[in-house]
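One letter stands for each residue in the lines below.
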Amino acid sequence: DQTVGGPASLDATRRARLSSRVSGRVTEILVDRNDVLSAGQIVARVEQEDLRSTVTVSQANLQAALRTVNEAEANLTSGRATLANAQSAFDRQAGLRADGWVSRARFEQSQALLRESDARVAALKQSVERARAQADAASASVRQAQAQLGFATVRAPFAGVVAARNRNVGDVLTPGSPILEIVDPRSIVFTVRIDESVIGRIHPRQPAAIRFGAGAERPLAARVLRLGREVDPETREFTADVIPERLPANW
């Protein structure tokens, strides 16, 4: 069988630039180039004092809002008890009024007290609803402040190797500023450029070999992962992604 091949460039399909989602000064960078990382490992921290203060304030606001809810609910319970007593008194006065034992003025007084108690309960219900809404808003503020604090700790999204370090301790970051770049070595691919005339002879899962120039060690065993379906109009070449069966040490 005739062997076909071409020059290749190395890349990785799983790579990430790690950055902070909050502004601030870098206080720690815990890894360096070529360090091997596990998923979720802390790699850097941005100053957190102001963020911690925001969390503390928002938690205090939440506690105050919860106390307000408790007070409003207690007042509503008391108001409902008063309304029940006013309703009972009115019912008695209404029965006595029907039998002629109670004056009209006394009956109207109990009726007014009942209306007043009913209106107070309605107002207390609104107070409870407002207090609960404020508590929900305070709780959301706590979650937001805690999330912002969490963003100041940068973690590796997957296991990999540090390929580049872009920042140092003391650097001031804006959201999205890259700190490190990591690569998953298991995702390394070689993109080969091959003349279009042999496109019909290349297939996924086909065995391949990767050579690194004159004087290099024996070729790496590999296989074809996929083919590009576009041909460069100038070079008349297409591409194929090839993955090695294993990588040399220190890759």
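Structure's up top.
Residues numbered from 1 in each chain as written. Predicted model: local features only at pLDDT ≥ 70, side-chain atom pairs only at ≥ 80, totals over all residues. Heavy atoms only, no water.

**Structural notes on the nonpolar core**
Part 1 of the reasoning: Leu37, Val43, Ile179 and Ile182 are the most contacted members of the largest nonpolar core, which totals 23 residues.
Part 2 of the reasoning: At the level of elements, strand E2 (15–19), strand E3 (24–29), strand E5 (42–46), helix H1 (49–98), helix H2 (104–151) and strand E9 (178–183) are the ones that each hand at least two residues to this core.
Part 3 of the reasoning: Residues in contact with Leu37, not counting those within four places in the same chain, are Val31, Val43, Ala156, Ala159, Gly160, Val162 and Ile182. (Core = buried A, V, L, I, M, F, W, Y, C linked by side-chain atoms within 4.5 Å. Buried < 20%, exposed > 50% of the residue type's maximum accessible area, 1.4 Å probe, protein only. Helix = DSSP H or I, 4+ residues; strand = E, 2+ residues; numbered from the N terminus. Contact = heavy atoms within 4.5 Å.)

**Some remarks on the pairing of E9**
Part 1 of the reasoning: Of all the 6 residues making up E9, 5 are buried; the element is thus mostly covered by neighbouring parts of the structure.
Part 2 of the reasoning: Bridge count for E2 against E9 is 5 bridges, and the pairing is antiparallel. Across the sheet, residue Ser19 finds its bridge partner in E9, namely Pro178.
Part 3 of the reasoning: Of the pairings in the sheet, the one linking strand E7 (residues 160–165) to E9 comprises 4 bridges and is antiparallel in character. Within the sheet, the bridge partner assigned to Val162 lies in E9 and is Ile182. (Pairing = 2+ DSSP bridges.)

**Examining the packing of aromatic side chains**
Part 1 of the reasoning: With the rule as written, the count across this model stands at 2 aromatic pairs.
Part 2 of the reasoning: Between the aromatic rings of Phe90 and Phe107, the centroid separation amounts to 5.4 Å while the plane-to-plane angle is 35°, which identifies the pairing as tilted. Taken together, the residues Phe90 in helix H1 and Phe107 in helix H2 connect sequence positions 17 residues apart.
Part 3 of the reasoning: Measuring from centroid to centroid gives 6.1 Å for Phe190 and Phe212, while their planes differ by 70°, and the two rings are edge-to-face. Of this pair, Phe190 sits in strand E10 (residues 188–195) while Phe212 is found in the loop between strand E11 (207–210) and strand E12 (220–227), placing the two residues 22 residues apart along the sequence.
Part 4 of the reasoning: Taking relative accessible area as the criterion, Phe212 reaches 39% and is therefore assigned partly exposed. (Phe/Tyr/Trp six-rings, centres within 6.5 Å; stacked < 30°, edge-to-face > 60°.)

**A word on the side chain of Thr153**
Part 1 of the reasoning: Relative to the elements of secondary structure, Thr153 occurs in strand E6 (residues 153–155).
Part 2 of the reasoning: At a separation of 3.1 Å, a polar atom in the side chain of Thr153 contacts the side chain of Gln48.
Part 3 of the reasoning: Setting aside anything within four residues of it in sequence, one finds Thr153 in contact with Ile42, Ala44, Arg45 and Gln48. (Polar contact = N/O pair within 3.5 Å; in protein donor to acceptor, adjacent residues only side chain to side chain.)

**A closer look at the environment of Ala119**
Part 1 of the reasoning: Structurally, Ala119 can be placed in helix H2.
Part 2 of the reasoning: The class of Ala119 is partly exposed, set by a relative accessible area of 46%.
Part 3 of the reasoning: A sequence separation of 104 residues divides Ala119 from Arg15, and the C-alpha atoms of the two residues are 64 Å apart.

**A word on the sheet that holds strand E4 (residues 36–37)**
Part 1 of the reasoning: An order of E2-E9-E7-E4 is seen for the 4 strands of this open sheet, with the pairing classed as antiparallel. Edge positions in the sheet fall to E2 and E4, since each of these pairs with one other strand and no more.

**Looking at the environment of Phe190**
Part 1 of the reasoning: The class for Phe190 is buried, based on a relative accessible area of 5%.
Part 2 of the reasoning: Separated by 152 residues in sequence, Phe190 and Ser38 place their C-alpha atoms 24 Å apart.

**Considerations on unusual backbone geometry**
Part 1 of the reasoning: The backbone of Asn34 shows a phi angle near 75°, a positive value even though the residue is not glycine.
Part 2 of the reasoning: For Asn34, the position within the fold is in the loop between E3 and E4.
Part 3 of the reasoning: Look at Arg236: it is not a glycine, yet its phi comes out positive at around 60°.
Part 4 of the reasoning: Turning to its location among the elements, Arg236 is positioned in the loop between E12 and strand E13 (237–244).

**Quick word on the pattern of salt bridges**
Part 1 of the reasoning: A complete count under the given rule lists 11 salt bridges for this structure.
Part 2 of the reasoning: Across the pair Asp11 and Arg15 runs a salt bridge whose closest N-O atoms are separated by 2.5 Å.
Part 3 of the reasoning: In this structure, Arg132 engages Glu73 in a salt bridge whose closest nitrogen and oxygen atoms are separated by 2.7 Å. Taken together, the positions of Arg132 in helix H2 and Glu73 in helix H1 put the pair 59 residues apart, joining distant regions of the chain.
Part 4 of the reasoning: Exposure remark for Glu73: the relative accessible area of 28% places this residue in the partly exposed category.
Part 5 of the reasoning: Look at the salt bridges and you will find they share partners, linking Asp11, Arg15 and Glu181 into a network. (Salt bridge = Lys/Arg side-chain N within 4 Å of Asp/Glu carboxyl O.)

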